[in-house]
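One-letter residues, chain by chain:
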Amino acid sequence: EAGVAQSPRYKIIEKRQSVAFWCNPISGHATLYWYQQILGQGPKLLIQFQNNGVVDDSQLPKDRFSAERLKGVDSTLKIQPAKLEDSAVYLCASSLGRGLAGVGYEQYFGPGTRLTVT
Amino acid sequence: LAKTTQPISMDSYEGQEVNITCSHNNIATNDYITWYQQFPSQGPRFIIQGYKTKVTNEVASLFIPADRKSSTLSLPRVSLSDTAVYYCLVGDWAGGSYIPTFGRGTSLIVHP
């Protein structure tokens, strides 16, 4: 089966510019996650969708970050305007669902988009 | 948020068994413990998941004591290709939502 697709793989922008990342999850996966992974750290959840609704965005810096999931399939994550500290790898993951207790479903990750803000 | 603690790094040699322990003192009653493997320039990949006692699959075993405040990932007979960062994952419940939380990970280096 096809995995989680992300594009672009690399992006270099100047601070204060905007950037958008795209994710196509595995077909049939209801839950989609966006993570930010700073070099040397574990992935940090930014936002979680269940179908096309937001389940949690408590760790999303909403003054500059936004995300949407169109028709419960593809998703885009946008940063506007970017700051130097946004340099990181942005990972998209999907899972079948959240389970009865929100657990028990393995997440499948895409290759990530490496963002460099100069 | 739920906090996990793992050793920052470990070294091993080919053919040895490697055990990586993760501490998660505040794990929720209904939460599972999941381990992921990550190679450079790739997203994490699921290894194994468990709730209690012992779970084994074709690549690893997971040991969880009765109090569930820690877990140990066991990799039998490692090879050079097992060199990677290993993360344990637990979660938090906030506002009715489950928030998966990764730790800082353990960088495993396997030597010839």
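Structure: above.
Every chain is numbered on its own, with residues counted from 1 as its sequence reads. Chains carry letters from A onward and ligands carry numbers from 1 onward, assigned in written order. At least 70 in pLDDT is required for a residue's local features to be given in this predicted model, at least 80 for side-chain atom pairs to be given and counted, and no such filter applies to totals for whole chains, interfaces and linings, which use all residues. Note that the side-chain values use all heavy atoms of the structure and ignore hydrogens as well as water.

A. Representation of the state of the cysteines within the structure. Cysteine sulfur pairs qualify as disulfides if the two atoms are within 2.5 Å. For the coordinates displayed, the defined rule picks out 2 disulfides over all chains. Shown here is the disulfide that connects A:C23 with A:C92, its sulfur atoms set 1.9 Å apart. Here A:C23 and A:C92 share a disulfide; its torsion about the S-S bond, -70°, makes the bridge left-handed. With A:C23 in strand β3 (residues 19–24) and A:C92 in strand β9 (residues 88–95), this pair connects stretches of sequence that are 69 residues apart. Only protein chains enter the area calculation, which uses a 1.4 Å probe; residues under 20% of their type maximum are buried, those over 50% are exposed, and those in between are partly exposed. A:C23 gets classed as buried once you look at its relative accessible area, which sits at 0%. The disulfide bridge from B:C22 ends at B:C88, spanning 1.8 Å between sulfur atoms. Residue B:C22 is found in strand β2 (residues 18–23), and its partner B:C88 is found in strand β8 (residues 84–94); the two are separated by 66 residues along the sequence. By the burial criterion, B:C22 is buried, and B:C88 matches it. A run of H or I in DSSP counts as a helix once it spans at least four residues, and a run of E counts as a strand once it spans at least two, with each numbered from the N terminus.

B. Inspection of unusual backbone geometry at higher detail. Geometrically, the link from A:S7 to A:P8 is a cis peptide bond, its omega value of -10° lying close to zero. The residue A:P8 is located in the loop between β1 (5–7) and β2 (10–13) in this model. Omega for the bond connecting A:Q80 with A:P81 falls within 30 degrees of zero, at -5°, which places this linkage in the cis form. Following the sequence through the fold, A:P81 ends up in the loop between β8 (75–79) and β9. Of note, B:S41 is a non-glycine position whose phi angle comes to about 65°, a positive value. Inspection of the secondary structure assignment puts B:S41 in the loop between β3 (33–38) and β4 (45–50). Even without glycine at this site, B:R68 takes up a positive phi of about 60°. Here B:R68 lies in the loop between β6 (61–64) and β7 (70–75). Exposure remark for B:R68: the relative accessible area of 8% places this residue in the buried category.

C. Up close: the sheet that holds β8(A). Residue and element names in this part refer to chain A. Pairing in this open sheet of 4 strands is antiparallel, and the strands run β1-β3-β8-β7 from one edge to the other. Of all the strands in the sheet, the pair left with one neighbour each is β1 and β7 (65–69). Within this sheet the neighbouring strands show an average axis-to-axis angle of 15°, counted without direction. Think of it this way: DSSP has to see at least two bridges between two strands before they count as a pair. All axes here are fitted lines through C-alpha atoms, helices being fitted over the stretch that makes contact, and every angle between N-to-C directions spans 0 to 180 degrees.

D. The arrangement of the packing of aromatic side chains in detail. Only rings of Phe, Tyr and Trp enter the pairing, Trp through its six-membered ring, and a pair is recorded when the two centres are within 6.5 Å. The plane angle decides the type: under 30 degrees is stacked, over 60 is edge-to-face, the rest tilted. In the structure shown here, the tally under the stated rule is 11 aromatic pairs over all chains. Summarising the aromatic geometry, the rings of A:F109 and B:F102 are spaced 6.1 Å apart at their centres and angled 70° between planes, so their arrangement reads as edge-to-face. Linking A:F109 in strand β10 (residues 108–109) with B:F102 in strand β9 (residues 97–102), this pair reaches from one chain into another. We note that A:F109, like B:F102, is buried. Ring centres of B:Y87 and B:F102 lie 5.8 Å apart, and the angle between their planes is 90°; this geometry places the pair in the edge-to-face category. Placement of B:Y87 in strand β8 and of B:F102 in strand β9 is noted, with a sequence separation of 15 residues between them.

E. Spatial organisation of the nonpolar core. Buried Ala, Val, Leu, Ile, Met, Phe, Trp, Tyr and Cys residues that are joined via side-chain atoms within 4.5 Å together make up what is termed a nonpolar core. Among the nonpolar cores identified, the biggest contains 21 residues, and A:F21, A:W34, A:L77, A:I79, A:Y90 and A:L115 are the most heavily contacted of them. Counting only elements with at least two residues in this core, the list comes to β3, β4 (31–37), β5 (44–50), β8, β9 and β11 (113–117) of chain A. Not counting the four nearest positions on each side in its chain, A:I79 is found in contact with A:Q17, A:S18, A:V19, A:F21, A:R64, A:F65, A:D86, A:Y90 and A:L115. Formed by 20 residues, the second largest nonpolar core is a distinct cluster that contains B:I27, B:L62, B:V78 and B:C88. Between two residues, a contact is recorded if the distance between any of their heavy atoms is within 4.5 Å.

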